[in-house]
Amino acid sequence: MTNKKRPKVYITRKLPDAVETRMRELFDAELNIDDSPRSQPELVAAMQTADVLVPTVTDRIDAALIEQAGPQMKLIASFSNGIDHIDVDAAARRGITVTNTPNVLTEDTADMTMALILAVPRRLVEGARILIENPGGWAGWSPTWMLGRRIWGKRIGIIGMGRIGTAVARRAKAFGLSIHYHNRKRVNPATEEALEATYWDSLDQMLARVDIVSVNCPSTPATFHLLSARRLALMQPTSYIVNTARGDIIDEAALIQCLREGKIAGAGLDVFENEPAINPKLVKLAAEGKVVLLPHTGSATIEGRIDMGDKVIINIRTFFDGHRPPNRVLPGRG
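Residues numbered from 1 in each chain as written. Predicted model: local features only at pLDDT ≥ 70, side-chain atom pairs only at ≥ 80, totals over all residues. Heavy atoms only, no water.

Looking at an unreviewed UniProt entry, one finds the protein named 2-hydroxyacid dehydrogenase and attributed to Ciceribacter thiooxidans. Recorded in UniProt for the protein, the comment headed Sequence similarities (unreviewed entry) runs: "Belongs to the D-isomer specific 2-hydroxyacid dehydrogenase family." (UniProt positions renumbered as here; feature names shortened; annotations may be inferred.)

Chemist: Lay out the environment of K185 in plain terms, naming residues and giving numbers.
Modeler: By secondary structure assignment, the location of K185 is in the loop between strand 7 (178-182) and helix 8 (189-195). The class of K185 is exposed, set by a relative accessible area of 62%. (Helix = DSSP H or I, 4+ residues; strand = E, 2+ residues; numbered from the N terminus. Buried < 20%, exposed > 50% of the residue type's maximum accessible area, 1.4 Å probe, protein only.)

Chemist: Which residues make up the pattern of salt bridges, and what values do they have?
Modeler: Side-chain pairs of opposite charge can arise whenever the charged atoms involved come near each other. Counted according to the given criterion, the structure contains 19 salt bridges. Between E196 and K173 there is a salt bridge, with the nearest N and O atoms lying 3.3 Å from each other. With a gap of 23 residues between them, E196 in the loop between helix 8 and strand 8 (198-199) and K173 in helix 7 (residues 163-174) connect regions that are remote in the sequence. Here the salt bridges do not stand alone but share partners, grouping E107, D111, R170 and R171 into one network. (Salt bridge = Lys/Arg side-chain N within 4 Å of Asp/Glu carboxyl O.)

Chemist: Could you give me a rundown of the side chain of N216, with the residues and numbers involved?
Modeler: Considering the arrangement of structural elements, one finds N216 in the loop between strand 9 (212-215) and helix 10 (229-232). With relative accessibility at 11%, the residue N216 sits in the buried group. A distance of 2.7 Å separates a polar atom in the side chain of N216 from a polar atom in the side chain of S214. If we skip the residues at most four places from it in the chain, N216 touches T113, I158, I159, G160, I164, G165, V168, T244 and A245. (Polar contact = N/O pair within 3.5 Å; in protein donor to acceptor, adjacent residues only side chain to side chain. Contact = heavy atoms within 4.5 Å.)

Chemist: An account of the pairing of strand 11 (residues 266-269) is needed here, citing residue identities and associated values.
Modeler: Of the two faces of strand 11, both are covered, the one formed by G266 and G268 as well as the one formed by A267 and L269. Two elements, strand 10 (residues 240-243) and strand 11, share 4 bridges in a ladder whose sense is parallel. Bridged to Y240 within strand 11 is G266. With helix 11 (residues 252-260) bridging strand 10 and the parallel strand 11, this β-α-β connection has right-handed handedness. Pairing between strand 11 and strand 12 (residues 291-293): 3 bridges, direction parallel. The partner of A267 across the bridge, within strand 12, is V291. Handedness of the crossover joining strand 11 and strand 12 through helix 12 (residues 280-287): right-handed. (Pairing = 2+ DSSP bridges. Right-handed = clockwise from strand over helix to strand, strands pointing away.)

Chemist: Break down the pairing of strand 10 for me, with residues and values.
Modeler: A two-sided burial pattern is seen for strand 10, the buried positions comprising Y240 and V242 on one face and I241 and N243 on the other. Here strand 9 runs beside strand 10; their pairing, made up of 4 bridges, is parallel. Its bridge partner being in strand 10, V215 is matched across the sheet by N243.

Chemist: For the UniProt feature "domain: D-isomer specific 2-hydroxyacid dehydrogenase catalytic" (unreviewed entry) in the protein, give the residues involved together with the corresponding values.
Modeler: Those residues carrying the UniProt feature "domain: D-isomer specific 2-hydroxyacid dehydrogenase catalytic" (unreviewed entry) are residues 18-329 in this numbering. The annotated region residues 18-329 carries 38% helix and 12% strand content, and the separation between its end C-alpha atoms amounts to 26 Å.

Chemist: Tell me about the packing of aromatic side chains, and name the residues and values.
Modeler: Applying the stated criterion across every chain yields a total of 2 aromatic pairs. Centre to centre, the rings of F319 and F320 are 5.1 Å apart; their planes meet at 75°, and the pair counts as edge-to-face. (Phe/Tyr/Trp six-rings, centres within 6.5 Å; stacked < 30°, edge-to-face > 60°.)

Chemist: Just give me the short version of the sheet that holds strand 8, but keep the residues and values in it.
Modeler: If you trace the 7 strands from one edge of the open sheet to the other, you get 8-7-6-9-10-11-12, paired in parallel fashion. Each of the sheet's edge strands pairs with one partner strand only, and the pair in question is strand 8 and strand 12. Bridge count for strand 7 against strand 8 is 2 bridges, and the pairing is parallel. Its bridge partner lying in strand 8, H180 is registered against T198. Contacts between helix 7 and the sheet are confined to strand 6 (155-159), strand 7 and strand 9, with strand 6 contributing the most and set at about 170° to the helix. (Axes fitted to C-alpha atoms, helices over the stretch in contact; angles between N-to-C directions.)

See below:
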């Protein structure tokens, strides 16, 4: 970097050791050693003293917080793919650049999506729990015990055919699923042909005709409760839904009701509408074997987190070298 003074970087959560070490080498970095979530007053103080804020998806960087930033605050280099936790427009008004870490979690998230697609119909968590609760052995094999649903030959409907949705489709096709998708626009013909994918302009029509729904679209004002009570009611009673995107894309209360009434066969959720809080009704459904719940671990791999950290570092270095960061988020897209 050409600047003699190292930028002061405030990091809101603990990052992998390799990333933190590199941060300390390059910047005047303040780490979060105990990984405790930063309070609003602590974030305000950081915005008033640091040159760079490195938040994560758990930090709400809204307009009120950004308005309290000091004149030295020039960059919000988010350790995240999504940017729905940052008011990008408010940052732009204050002359603060926002960056993210895209395209590093595609395969990890797709792997977890596929894991849930398998776990829910085949009742994997239920089976594992039986062995844990009966360490001396279980009742033994029976032709009608613990029956799930076959994956091969079923139809999957992917909502959001971006990088992650396409990666899910590749995996699903290998498992013998027929690929259907709904997106703002069709994917390129070569991808569609390779996946033998069927495009649905109407989400309503697709939901009524697939066996598994995978939610892989971003969280935006337009996708809030995209899967509403009305749309969930369109699904078949033998169908399953998996969400590894964002919790607020599904109307969680409506989903719970559909599951309780048997209007949907099951669900696999890695994200929740009010996380980290989880609706107790979902926990009860999980105990009954109707839902598989994971604590937002879709992208939780060592390799993925280090790749994210590398992108944050590149964005900071590029910015303070006087160039446009490669992962700048433009106003109007937050």
